[in-house]
Amino acid sequence: MTGTNGMKILLLGSGGREHALAWKIAASPLADKLWCAPGNAGIAQDAELVPLDISDHAAVIAFCKANAVDFVVVGPEAPLVAGIVDDLETAGIKAFGPTKAAARLEGSKGFTKDICRAHNIPTAAYERFTAAAPAKDYVRGHGAPIVVKADGLAAGKGVVVAMTIDEALAAIDMMFDGGLGDAGAQVVIEEFLEGEEASFFALCDGENAIALASAQDHKRAYDGDTGPNTGGMGAYSPAPVMTPDMTARVMKEIVAPTLGAMRAMGCPYKGVLFAGLMITTDGPKLIEYNTRFGDPETQVLMLRLMSDVLPALLAARDGMLKNFDLRCYPDAALTVVMAAKGYPGAYEKGSVISGLEAAAQVEGVEIFHAGTKAVGGKILANGGRVLNVCARGRSVAEARKRAYEAVDRIDWPGGFCRRDIGWRAIERETAPE
Ligand code: AMP
Ligand code: GLY
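Residues numbered from 1 in each chain as written. Chains lettered and ligands numbered in written order. Predicted model: local features only at pLDDT ≥ 70, side-chain atom pairs only at ≥ 80, totals over all residues. Heavy atoms only, no water.

Participant: Requested: an account of the overall build of the protein chain, with residues and values cited.
Facilitator: When helices and strands are counted, the protein chain shows 14 helices and 23 strands. Against the globule reference of 22 Å for 433 residues, the protein chain gives a C-alpha radius of gyration of 21 Å, in line with a compact fold. Along the first, second and third principal axes, the C-alpha set of the protein chain runs to 60 × 50 × 45 Å. The buried share of the protein chain, reckoned over its 433 residues, is 55%. (Helix = DSSP H or I, 4+ residues; strand = E, 2+ residues; numbered from the N terminus. Rg over C-alpha atoms; globule rule 2.2 N^0.38 Å. Buried < 20%, exposed > 50% of the residue type's maximum accessible area, 1.4 Å probe, protein only.)

Participant: So what's going on with the side chain of His-369? Which residues, and what values?
Facilitator: One can find His-369 in strand S19 (residues 365–369). Within the structure, His-369 has its side chain in polar contact with the side chain of Thr-372 (distance 2.9 Å). (Polar contact = N/O pair within 3.5 Å; in protein donor to acceptor, adjacent residues only side chain to side chain.)

Participant: Before we move on, can you summarise the site of ligand 2 with the specific residues and values?
Facilitator: The environment of ligand 2 is made up of Asp-217, Gly-231, Phe-274, Asn-290, Arg-292, Gly-294, Asp-295, Pro-296 and Glu-297. Contact between ligand 2 and Asp-295: a nitrogen atom at 2.9 Å from a main-chain N or O atom of the residue. One of the side-chain N or O atoms of Glu-297 is found 2.9 Å from a nitrogen atom in ligand 2. Within the complex, the protein chains bury 84% of what would otherwise be the 200 Å² of accessible surface of ligand 2. Residues belonging to the shell around ligand 2 are distributed by class as follows: two nonpolar, three polar and four charged. (Near = heavy atom within 4 Å. Areas by Shrake-Rupley, 256 points an atom, 1.4 Å probe, with all protein chains shown as cover. Nonpolar A, V, L, I, M, F, W, Y, C, P; charged D, E, K, R; others polar.)

Participant: Please provide a residue-by-residue account of the sheet that holds strand S3 (residues 48–49), values included.
Facilitator: Overall, parallel pairing links the five strands, which are arranged S3-S2-S1-S4-S5 in an open sheet. This sheet does not close on itself; its edge strands, each paired only once, are S3 and strand S5 (94–96). Bridge analysis of strand S1 (residues 7–13) against strand S4 (residues 71–74) gives four bridges, and the strand direction is parallel. Opposite Leu-12, over in S4, you have Val-74 as the bridge partner. Contacting S1, strand S2 (31–38) and S4, helix H2 (residues 57–66) crosses the sheet at an angle of about 160 degrees to S1. (Pairing = 2+ DSSP bridges. Contact = heavy atoms within 4.5 Å. Axes fitted to C-alpha atoms, helices over the stretch in contact; angles between N-to-C directions.)

Participant: Residues and numbers for the pairing of S19, please.
Facilitator: A large share of S19 lies buried, amounting to four of its five residues. As judged from the five bridges shared by S19 and strand S22 (residues 385–393), these two strands associate in the antiparallel manner. Within S22, the residue paired with Val-365 across the bridge is Ala-391.

Participant: So what's going on with the environment of Ala-406? Which residues, and what values?
Facilitator: Within the fold, Ala-406 resides in helix H13 (residues 396–407). Each C-alpha atom, one on Ala-406 and one on Val-362, is 6.1 Å from the other, the two residues being 44 residues apart in sequence. When sequence neighbours within four positions are dropped, the list of residues in contact with Ala-406 reads Ala-359, Val-362, Val-365 and Val-389.

Participant: Which residues make up the pattern of salt bridges, and what are the values?
Facilitator: In total, this model carries 30 salt bridges according to the counting rule given. Across the pair Arg-424 and Glu-196 runs a salt bridge whose closest N-O atoms are separated by 4.0 Å. Here Glu-196 lies in strand S10 (residues 196–205) and Arg-424 lies in helix H14 (residues 423–430), a separation of 228 residues in the sequence. By relative accessible area, which is 36% here, Arg-424 ends up partly exposed. The shortest N-O distance in the salt bridge between Arg-249 and Glu-253 comes to 2.8 Å. (Salt bridge = Lys/Arg side-chain N within 4 Å of Asp/Glu carboxyl O.)

Participant: Pulling in residues and values, what's your account of the site of ligand 1?
Facilitator: Around ligand 1, the structure places 15 residues, and the nearest of them are Glu-190, Glu-191, Leu-193, Glu-197 and Glu-288. Residue Lys-149 places a side-chain N or O atom 3.0 Å away from a nitrogen atom belonging to ligand 1. At 2.8 Å from a nitrogen atom of ligand 1 is found a main-chain nitrogen or oxygen belonging to Leu-193. Starting from 490 Å² of accessible surface for ligand 1 in isolation, the protein chains cover 84%. Those elements that place two or more of their residues in the shell around ligand 1 are strand S7 (146–150), strand S8 (159–162), strand S9 (187–191) and strand S16 (283–290). Taken together, the residues that form the shell around ligand 1 break down as eight nonpolar, one polar and six charged.

Participant: I'd love a proper account of helix H10 (residues 297–304), names of residues and values included.
Facilitator: Counted residue by residue, H10 has eight buried out of eight residues, so it is predominantly covered. Taken residue by residue, H10 has Glu-297, Thr-298, Gln-299, Val-300, Leu-301, Met-302, Leu-303 and Arg-304 as its buried positions.

Participant: Help me get a handle on the environment of Asn-208, residues and values and all.
Facilitator: Mapped onto the fold, Asn-208 is located in the loop between S10 and strand S11 (209–217). Measuring from C-alpha to C-alpha, the distance between Asn-208 and Thr-99 comes to 16 Å, with 109 residues separating the pair along the chain. Ignoring anything within four residues of it in the chain, the contact list for Asn-208 reads Leu-203, Leu-259, Leu-321 and Lys-322.

Participant: How would you summarise the nonpolar core if you had to cite specific residues and measurements?
Facilitator: Counting 43 residues, the largest nonpolar core has Ile-9, Ile-25, Phe-71, Phe-96, Leu-203 and Leu-313 as the members making the most contacts within it. Per-element tally for this core: the top contributor is helix H11 (residues 309–318), with seven residues. When sequence neighbours within four positions are dropped, the list of residues in contact with Leu-203 reads Phe-96, Asn-208, Ala-209, Ile-210, Gly-271, Val-272, Ala-312, Leu-313, Leu-321 and Leu-326. Core analysis: the next-biggest nonpolar cluster, separate from the first, contains 31 residues, Leu-356, Ile-379, Cys-417 and Ile-421 among them. (Core = buried A, V, L, I, M, F, W, Y, C linked by side-chain atoms within 4.5 Å.)

Participant: Summarise H11; cite the residues concerned and give the values.
Facilitator: Taken across its 10 residues, H11 has eight buried, putting it largely inside the fold. Listed as buried for H11 are Val-309, Leu-310, Ala-312, Leu-313, Leu-314, Ala-315, Ala-316 and Arg-317. If you check the start of H11, you find a side-chain oxygen 3.1 Å away from the backbone N of Leu-310, and it comes from Asp-308. Phi turns positive, to about 70 degrees, at Gly-319, one or two residues after H11.

Participant: Quick one: what's the story with the sheet that holds S7, residue by residue and with numbers?
Facilitator: Taken together, the four strands give an open sheet; going across it, the order is S6-S9-S7-S8, and neighbouring strands pair in antiparallel fashion. Edge strands, defined here as strands with exactly one partner in the open sheet, are strand S6 (126–129) and S8. Neighbouring strand axes in the sheet, compared pairwise and without regard to direction, differ in orientation by 20 degrees on average. As paired elements, S7 and S9 share five bridges and run antiparallel to each other. Among the inter-strand pairings, Val-148 is bridged to a residue of S9, identified as Ile-189. Sitting on the sheet, helix H6 (residues 109–118) touches S6, S7, S8 and S9, and the angle it makes with S6 is about 140 degrees.

Shown next as structure tokens:
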């Protein structure tokens, strides 16, 4: 990050996703200066941390103006849904990410489902409800399993995959009784889809989209995909189900018509479109969109990305993605999340983590911090998901071996991780043809 004619960039967020983005942006020859607000102890190795409250858009704009920031990259969904990109652009500051109107693809599940219906985008059959009684009638009419979803952002708690009618009815009551606040004031009830899940990421410039990569994550807290749901305990890329043919279908049947619909509604979609997919026997179906990079998926995507990420983010913002070329290494990448004991329930902050330098020496390994804080030369746990131990390898199995070798060099009695990240892909790699 030297030179005088490069760009000044501000990255917003503080998780493992933002550490991976900071690491990749800092490596760009186009980047002259990188700040991150509020960041974490790992991001501090790649960017200068700024103690800004990122929900205070005026404060973010004032910082950008005072420091001649050229480009803002927004990590998490909350500021996007709150319209930070609109506010920055209105103030004359370029920003990567969708506008508030375009971020409805994540902010309202009903909005996205209605687009799917209007444009024949494959997704689960559904209905939208604003009151409990008709929602319950629908559930009784369709039977279980069935899926009940709060319309708005609910920090990962808004989806109930109900295996019985009683479970679905209880979820409807919980949501309409205000259990999820405003997010549950409207509810979507949809068909239960069977298949293999995959995450797919496309960069979009309002008109054009280019495929970035696929990944699969492990949402459950414990080995064997058991235990409570979390923000994600590990991930790997690519997802073996996302063959070139499947990728082409997703681009054509799901991503392209979504971009067309958003443009037609006057809110063209710019940014990264993260499609949660179910690969069914009938082909790919959209489960949901996120309007930002995934966490921990981004950690493996950035490890696999060969191209400079910064021109790609800029081209998305500038509407210049047509014919843009983005290359990934053919290698696989895998990340193991180390979380504080107790996560996703109550956990303690402040336990000491050591051995990170020795861990980072393992071939192909990169460690991204999520909830950490540096105090007096020590790294302390400061959140639920704390570290992402990532590795590249020629296969998922090799990446996993390297990642766990690094995990075993980390001394953190206050933490835990799953020991089986990537099992599904590795089973495939080792299955006889
Ligand atoms: P999220 O919305 O990311 O909290 O996760 C919701 C999870 O619920 C998805 O990752 C799926 O595992 C599951 N899910 C959501 N919708 C459906 C559906 N229609 N059929 C089956 N599983 C679903
Ligand atoms: N790992 C899932 C997400 O970022 O929403």
